Amino acid sequence: MMSMENNSREKEGVRTPTSIHTQVIIIGAGPAGAGTSIFLTKAGIPHIIIEKETFPRDKICGDACSGKTVFVLRKANAAWLEDIFKNTAQNTPSHGVVFASPNGNALNIPFNPKKIIQGQAPGFVTPRLIFDNFLFEKLASPYATIYQQSSIKSIERQASEGIKVCFTQGNENYELTAPLIIGADGDKSHVRKVLLRRNVSPRAYCVGLRAYYKGVTGMHEKDFIELHFLPEVLPGYFWIFPLANGMANVGIGMMSERIRDKKINLREEMLNAIKHNPNISHRFTNATLTGKIQGWGLPMCLKRQPLSGDNFLLTGDAASLIDPFTGEGIGNALYSGMLAAFAAEELLKAGKFDAAFIKGKYDDVLFKRIGDELRMSALLQRLCHYPWLFNFVVKKAHKSPTLNTALTSMFTDIDLRKQLRKPSFYAKILFNK
Ligand SMILES: Cc1cc2nc3c(=O)[nH]c(=O)nc-3n(C[C@H](O)[C@H](O)[C@H](O)COP(=O)(O)OP(=O)(O)OC[C@H]3O[C@@H](n4cnc5c(N)ncnc54)[C@H](O)[C@@H]3O)c2cc1C
């Protein structure tokens, strides 16, 4: 009877699902999913990745990879970093950042030279179409099975197996079971919606537009990335990030609540800055737009939120881990992916997947490492609501090496950020030390 039913369903084009049991299911193969997979493979843990697109795929982004990205890649495989820095036709090493305050006063901050390891810059800028595919190609291993162009039909928790995921790939149906699922499915995370049942707070949400331009002039000789804190988009900013072959990633980001409240047309603000801002427009005189101006959301971490529960945990944008001041999300996606893999190893060893145990092994560890810098960035972001205060800080940073270093460390140095907790740090700034 059963097989007759299956036969008639197959004739209708509905195939009997293939059932697979694995140790860990990852949804999404962006930096968070790739970071998780790379470190699961290192630990010899079999896992399955489900990705809705086919790589190489684009991701709307500023394309700037900071010190934390470099840190995780070095930990994963130092030779990969060598390949990135050797290939300057695709990757542009970053040696510093230009902060332009609302009054147009610019501060050039070279990254800490101590962070130049084996001649490699502390960061780099690479179009995500290239960078994400570079990572994706590193995932091939006997431990990783990848389903691309796949569509998730359901995710549910089961008493016996932990998690069950049903998905299709072309005409094939699959039923996966595992004791643990890792949500690495970005901003609009399906895993977060189904298992955490929480949406991103609109207060912690930013909208960004990105465009590629050819022929922007006046870049810093060492290809510093540029953040222009224009008064009209605070606490967001307009950016110019140099790319190879005379290209630049140009964009603008702003809090979505402010866009809604002030009825701002972000695209118009961006084009307005390019055409009329006295510190920017002359650099675009002969520049041409390549492709379209495209937008996407940035879920930011303004305060600690739960990132896990029974049988699941979230990484990267699915966990809203974007730095609220710098807008950096690639590094935190890779870093949280790495910590998720470390946590998975411990959970599998203990055979425990309850919410309290996962929180101790993942959420607590992650926030112990990056909680301080995120809190500091949330504070700096609040400061950006006040242009006069921001102008003051940039002016002060011209005189205070301590503040200068602190701003640099926002991009390059996880451990240096610890100094932000010490009262002596603020005393030094006051006295221009
Ligand atoms: C305009 C803009 C500018 C930015 N600039 C920078 C910058 O310069 N530097 C920086 O560090 N960060 C930047 N960010 C943030 C950065 O892009 C993200 O933080 C980063 O991509 C997060 O990585 P992720 O792996 O968590 O998510 P993603 O990169 O979004 O990857 C998620 C993956 O999951 C897949 N997926 C989604 N849903 C499903 C599903 N249902 N089933 C299967 N697969 C699914 C997607 O196809 C995708 O491959 C920017 C963001 C924006 C919007």
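None of these values were measured; they are calculated from a predicted model.

### Some words on the overall build of the protein
Across its full length, the protein carries 13 helices and 20 strands. Counted over contacts in the protein with a minimum sequence separation of 6, partners at least 24 positions apart contribute 72%. Carbon and sulfur atoms make up 54% of the accessible area of the protein, which totals about 19,000 Å².

### Some remarks on the site of the ligand
Lining the immediate surroundings of the ligand are 35 residues, of which Glu51, Gly62, Ala64, Arg128 and Asp317 lie closest. Asp63 is positioned such that a nitrogen or oxygen atom in its backbone is 3.4 Å from an oxygen atom of the ligand. A total of 1,000 Å² of accessible area belongs to the ligand in isolation, and the protein chains cover 93% of it. Here the shell around the ligand gets three residues from one element, more than from any other, and that element is strand S18 (residues 288-299). For the shell around the ligand, the residue count by class is 16 nonpolar, nine polar and 10 charged.

### A word on the sheet that holds strand S20 (residues 312-314)
Read across the open sheet, the six strands follow the order S9-S3-S2-S13-S20-S19; overall the sheet is mixed. Edge positions in the sheet fall to strand S9 (144-147) and strand S19 (308-309), since each has one partner strand and no second. Running at roughly 170° to strand S13 (residues 180-183), helix H9 (residues 330-350) makes contact with strand S2 (24-27), S13 and S20 of the sheet.

### Some remarks on the packing of helix H3 (residues 67-76) against H9
Two numbers describe how H3 lies on H9: the axes approach to 7 Å, and their chain directions differ by 35°. The two elements H3 and H9 meet at a crossing, and its hand is left-handed. Side by side, H3 and H9 meet where Lys68, Thr69, Phe71, Val72 and Lys75 of the first sit next to Ile330, Gly331, Asn332, Leu334, Tyr335, Met338 and Phe342 of the second. Partitioning the contact of H3 with H9 into residue classes produces seven nonpolar, three polar and two charged.

### Re the pattern of salt bridges
In the structure shown here, the tally under the stated rule is 13 salt bridges. The partner of Arg210 in a salt bridge is Asp58, with the nearest N and O atoms 3.2 Å apart. Linking Arg210 in strand S14 (residues 205-214) with Asp58 in the loop between strand S3 (47-50) and strand S4 (64-65), this pair joins segments that are 152 residues apart in sequence. By relative accessible area, which is 3% here, Arg210 ends up buried. When its relative accessible area of 37% is taken as the criterion, Asp58 is described as partly exposed. Ionic pairing is found between Lys188 and Asp187, a salt bridge with its closest N-O pair at 3.4 Å. Its relative accessible area of 5% is what places Asp187 among the buried residues. Residues joined by salt bridges that share partners form a network here, namely Arg57, Arg128 and Asp132.

Rules and cut-offs
- Residues numbered from 1 in each chain as written.
- Predicted model: local features only at pLDDT ≥ 70, side-chain atom pairs only at ≥ 80, totals over all residues.
- Heavy atoms only, no water.
- Helix = DSSP H or I, 4+ residues; strand = E, 2+ residues; numbered from the N terminus.
- Contact = heavy atoms within 4.5 Å.
- Areas by Shrake-Rupley, 256 points an atom, 1.4 Å probe, with all protein chains shown as cover.
- Near = heavy atom within 4 Å.
- Polar contact = N/O pair within 3.5 Å; in protein donor to acceptor, adjacent residues only side chain to side chain.
- Nonpolar A, V, L, I, M, F, W, Y, C, P; charged D, E, K, R; others polar.
- Pairing = 2+ DSSP bridges.
- Axes fitted to C-alpha atoms, helices over the stretch in contact; angles between N-to-C directions.
- Left-handed = near helix turned anticlockwise from the far one by under 90°.
- Salt bridge = Lys/Arg side-chain N within 4 Å of Asp/Glu carboxyl O.
- Buried < 20%, exposed > 50% of the residue type's maximum accessible area, 1.4 Å probe, protein only.

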